[in-house]
Amino acid sequence: MFKKVLNIAYNNMTEIDKAIIFVGVISLAFIFFLAAIKIFGRGKMNNSLMKACLKLSSLYQYGIEACPLLGTLGTVVSLIANSINTSELQNSFLYALTSTLWGLIMALICKAFESVFELNGYFETKVEEESCR
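Residues numbered from 1 in each chain as written. Predicted model: local features only at pLDDT ≥ 70, side-chain atom pairs only at ≥ 80, totals over all residues. Heavy atoms only, no water.

Chemist: Help me understand the overall build of the protein chain, please; the structure alone is not making it clear to me.
Modeler: The helix and strand inventory of the protein chain stands at 5 helices and 0 strands. In sequence order, the secondary structure elements of the protein chain are arranged as α-α-α-α-α. For the protein chain, whose C-alpha radius of gyration is 19 Å, the value lies well above the compact-globule estimate of 14 Å for 133 residues. By principal-axis analysis of the C-alpha atoms, the protein chain measures approximately 65 × 30 × 15 Å. Per-residue burial for the protein chain yields a buried fraction of 33% across its 133 residues. (Helix = DSSP H or I, 4+ residues; strand = E, 2+ residues; numbered from the N terminus. Rg over C-alpha atoms; globule rule 2.2 N^0.38 Å. Buried < 20%, exposed > 50% of the residue type's maximum accessible area, 1.4 Å probe, protein only.)

Chemist: Which parts of the structure should I look at to understand the packing of aromatic side chains?
Modeler: The tally for this structure, following the rule as stated, stands at 4 aromatic pairs. With 6.4 Å between their ring centres and 20° between their planes, F113 and F117 make a pair best called stacked. The exposure class assigned to F117 is partly exposed, which follows from its relative accessible area of 22%. An angle of 85° between the planes, with centres 5.0 Å apart, marks the rings of Y122 and F123 as edge-to-face. A relative accessible area of 16% places Y122 in the buried class. Every member of this aromatic cluster is reached through a ring pair, and the members are F32, F113 and F117. The ring centre of Y122 lies 4.8 Å from the NZ or CZ of K38, which sits over that ring. (Phe/Tyr/Trp six-rings, centres within 6.5 Å; stacked < 30°, edge-to-face > 60°. Lys NZ or Arg CZ within 6 Å of the ring centre and 35° of its normal.)

Chemist: Even after reading the chapter, I still don't get the pattern of salt bridges, so can you show me in this structure?
Modeler: Should the charged atoms of two oppositely charged side chains come close, the side chains can pair. If you walk through the whole model with that rule in mind, you get 2 salt bridges. With a shortest N-O distance of 3.7 Å, K18 and E15 are connected by a salt bridge. Of this pair, K18 and E15 are both found in helix 2 (residues 15-40), 3 residues apart, which corresponds to roughly one turn of the helix. According to the relative accessible area criterion, K18 is partly exposed, its value standing at 44%. By relative accessible area, E15 is classed as exposed at 60%. The shortest N-O distance in the salt bridge between E114 and K111 comes to 2.9 Å. With a gap of 3 residues between them, E114 and K111 both fall in helix 4 (residues 89-116), about one helical turn apart. Classification of E114 as buried rests on a relative accessible area of 3%. (Salt bridge = Lys/Arg side-chain N within 4 Å of Asp/Glu carboxyl O.)

Keep in mind these numbers describe shape, not what the thing actually does.
Pasting the structure below:
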């Protein structure tokens, strides 16, 4: 059933859906980059690298938070755009739901990878440890 839903959502993709997926993919790229630094850069991180990682960390966290909000924006835009013409109302519900679906999917995927690599708060802690030294 989920495969069918994804197929429908893919076939009815709007510009906002593409923006959601773009934000999600960029957030995932930041997550993988920071995970590689965390895994392979132990003991080799200087203060400027940690601060740069902290900025990237805040960017991917923003992306995770932005995906569901963009999905909600797509929902509202789709419903408002076609609310005048009642014959198009059924299609606008479909577009609205697909935007919400893409936003939730991208946020869940990013959150899952963030949890797998245990990145939440990692670089904040490292920067604080360095500043205490």
